[in-house]
Amino acid sequence: MTPEQKLAALFAAEAPPARDYLFQARMAQAIALRRAWMTVAALVPWVVAAIAVLWALIPVVGPMSDSLGAALQPAAAMLAGAAVTAVAALWLSRRFNGGIRGPFSAG
């Protein structure tokens, strides 16, 4: 074995391992998904508390519903429109995400 071959073998043994970018991307996606679900799970107690408070306020707000109904109708329509837009945007992004290949996409 020549000195150059010995040196090349030494460098090859100390070289960092090859990276599997597809595995890294899938692991990052799995971690992000788990963090998202954990965030949702952390918000559940707050939602339950808000529902309990609103349920307790029904006797107070109930008599005012006639006057509040007309005042809150435009705001409710805007919130419904925003919710429909958000759901449509999420659905379309999922539907068309598979058809677009980025520079680092696998396959």
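Cut-offs and rules
Residues numbered from 1 in each chain as written. Predicted model: local features only at pLDDT ≥ 70, side-chain atom pairs only at ≥ 80, totals over all residues. Heavy atoms only, no water. Helix = DSSP H or I, 4+ residues; strand = E, 2+ residues; numbered from the N terminus. Buried < 20%, exposed > 50% of the residue type's maximum accessible area, 1.4 Å probe, protein only. Patch = residues over 30% accessible without salt bridge, like charges linked within 9 Å, V, L, I, M, F, W, Y side chains within 5 Å. Areas by Shrake-Rupley, 256 points an atom, 1.4 Å probe, with all protein chains shown as cover. Salt bridge = Lys/Arg side-chain N within 4 Å of Asp/Glu carboxyl O. Expected span 1.5 Å × (residues − 1). Bend = angle between axes of the 7 residues up to and from the residue. pLDDT = per-residue confidence, 0-100.

Quick word on the overall build of the protein
Right, so step 1: Each helix and strand in the protein was counted, giving four helices and zero strands.
Right, so step 2: The secondary structure elements of the protein, listed N-terminal to C-terminal, are α-α-α-α.
Right, so step 3: Relative to its 107 residues, the protein shows a buried fraction of 0%.

As for a nonpolar patch on the surface
Right, so step 1: Side chains of Val53, Leu54, Leu57, Val60, Val61, Met64, Leu68 and Leu72 sit close together on the surface and give an oily, nonpolar patch of about 690 Å² of accessible area.
Right, so step 2: Mapped by element, the contributors of at least two residues to the nonpolar patch are helix H2 (21-56), helix H3 (58-61) and helix H4 (65-97).
Right, so step 3: Counting through the fold element by element, valine 60 comes out in helix H3.
Right, so step 4: Assessed through its relative accessible area of 54%, valine 60 is described here as exposed.

Here's the deal with H2
Right, so step 1: In a regular helix each residue adds 1.5 Å, so 36 residues correspond to 52 Å; H2 covers 53 Å between its end C-alpha atoms and thus fits that length.
Right, so step 2: Roughly 30° is the biggest bend found in H2, and it falls at valine 44, with proline proline 45 one to four residues downstream.

Structural notes on the confidence of the model for the protein
Right, so step 1: Looking at the protein, the pLDDT average stands at 83 and 90% of residues meet or exceed 70.
Right, so step 2: In the model of the protein, helix H1 (residues 3-14) stands out as the element of lowest mean pLDDT, 81, in contrast to H2, which has the highest, 92.

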